[in-house]
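# Remarks on the overall topology
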Amino acid sequence: TKPMLILPLGKLEAAATDEMKTRIVMHFDYLKTLLPDGKLVLAGMSTDDFTEIILIEAADREEAERIMTSDPAVSGNVYQAELHPFRVVLSRQEP
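Just so it is clear, the structure is predicted and the values come from calculations on it, not from any experiment.

Cut-offs and rules
- Residues numbered from 1 in each chain as written.
- Predicted model: local features only at pLDDT ≥ 70, side-chain atom pairs only at ≥ 80, totals over all residues.
- Heavy atoms only, no water.
- Helix = DSSP H or I, 4+ residues; strand = E, 2+ residues; numbered from the N terminus.
- Buried < 20%, exposed > 50% of the residue type's maximum accessible area, 1.4 Å probe, protein only.
- Areas by Shrake-Rupley, 256 points an atom, 1.4 Å probe, with all protein chains shown as cover.
- Polar contact = N/O pair within 3.5 Å; in protein donor to acceptor, adjacent residues only side chain to side chain.
- Arc of directions from axis to C-beta.
- Contact = heavy atoms within 4.5 Å.

From N to C terminus, the protein includes three helices and four strands. Listed by position from the N terminus, the elements making up the protein come as β-α-β-β-α-α-β. Scored against the burial criterion, the 95 residues of the protein give a buried share of 29%. Surface accessibility of the protein: about 6,600 Å² in total, with carbon and sulfur atoms responsible for 57%.

Right under this line is the structure:
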């Protein structure tokens, strides 16, 4: 598998519609479904500007694209997203 970085672009504004807010909840639920089969490595956001990063593992770019475009917040146009190949060069070892 290959690590791929998904960068959701756009921020949920205070004036977000109920549909947008629903899509954000669906986005979080969708990411949780990627955990059991090891597709999701990590997901998080910065606490100062709420920029998100999502690190996934996929067999190839096509699978990574499918994972990204299947996200309800992406398919619902709440977020635009970019997909980038990613290489881990240093990582904390688990005890």
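Don't stop here, the text continues.
Attention now goes to the environment of His84. Relative to the helices and strands, His84 resides in strand β4 (residues 80–85). Relative accessible area serves as the criterion here: at 29%, His84 is assigned to the partly exposed category. Here Glu82 takes part through its side chain, which lies 3.0 Å from a polar atom of the side chain of His84.

Another aspect to go through is helix α2 (residues 61–69). Residues lying three or four places apart along an α-helix face the same way, a consequence of the helix completing one turn every 3.6 residues. By the burial criterion, the buried members of α2 are Glu63, Ala64, Ile67 and Met68. For α2, the angular spread of the buried residues around the axis is 135 degrees, confining them to a single face. Where α2 starts, the residue carrying a side-chain oxygen 3.2 Å from the main-chain nitrogen of Glu62 turns out to be Asp60.

We now examine the side chain of Glu63. Along the chain, Glu63 turns up in helix α2. Among the polar contacts made by the side chain of Glu63, one reaches the side chain of Lys39 at a distance of 2.8 Å. Beyond its immediate stretch of four places on either side in the chain, Glu63 contacts Lys39 and Ala58.

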